[in-house]
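# Examination of the molecular architecture
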Amino acid sequence: MFTPSVSLRTEGIFRYICSMKIQIKLKNELGEFTSEQMNITEEQYKNLIEASKDFYLGSYDMYTPSGFVVVSPEILKKSILLIEILSE
């Protein structure tokens, strides 16, 4: 699963702080939009998964390698959001 980079002992239970590199892609009729690569923890990844389940209900914006993109709700309803794990 995830390789721990640092371990902490909390209340007798080992807790691991893990990191992974991800990239978000938004695909729709206008093309494919790719975010910058990001390093996040396992907890941030889980939160991102939960938050992205309703991404199509509003507008969406993200930084890209060449700038910034904002997508309207009408386009989002016809879009696919991918969260790719590049490395663990």
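For the structure, check the block above.
Predicted model only: the values in this text are computed from it and were never measured. (Residues numbered from 1 in each chain as written. Predicted model: local features only at pLDDT ≥ 70, side-chain atom pairs only at ≥ 80, totals over all residues. Heavy atoms only, no water.)

### Concerning the pattern of salt bridges
In the structure shown here, the tally under the stated rule is 5 salt bridges. The residue Lys-27 makes a salt bridge to Glu-32 at a minimum N-O spacing of 3.5 Å. Its relative accessible area of 33% is what places Lys-27 among the partly exposed residues. For Lys-53, the salt bridge identified is with Glu-50, shortest N-O distance 2.8 Å. According to the relative accessible area criterion, Lys-53 is partly exposed, its value standing at 48%. (Salt bridge = Lys/Arg side-chain N within 4 Å of Asp/Glu carboxyl O. Buried < 20%, exposed > 50% of the residue type's maximum accessible area, 1.4 Å probe, protein only.)

### With respect to the environment of Leu-48
Mapped onto the elements of the fold, Leu-48 is located in helix α1 (residues 42-52). By relative accessible area, which is 24% here, Leu-48 ends up partly exposed. With 35 residues separating them along the chain, Leu-48 and Ile-83 place their C-alpha atoms 8.9 Å apart. (Helix = DSSP H or I, 4+ residues; strand = E, 2+ residues; numbered from the N terminus.)

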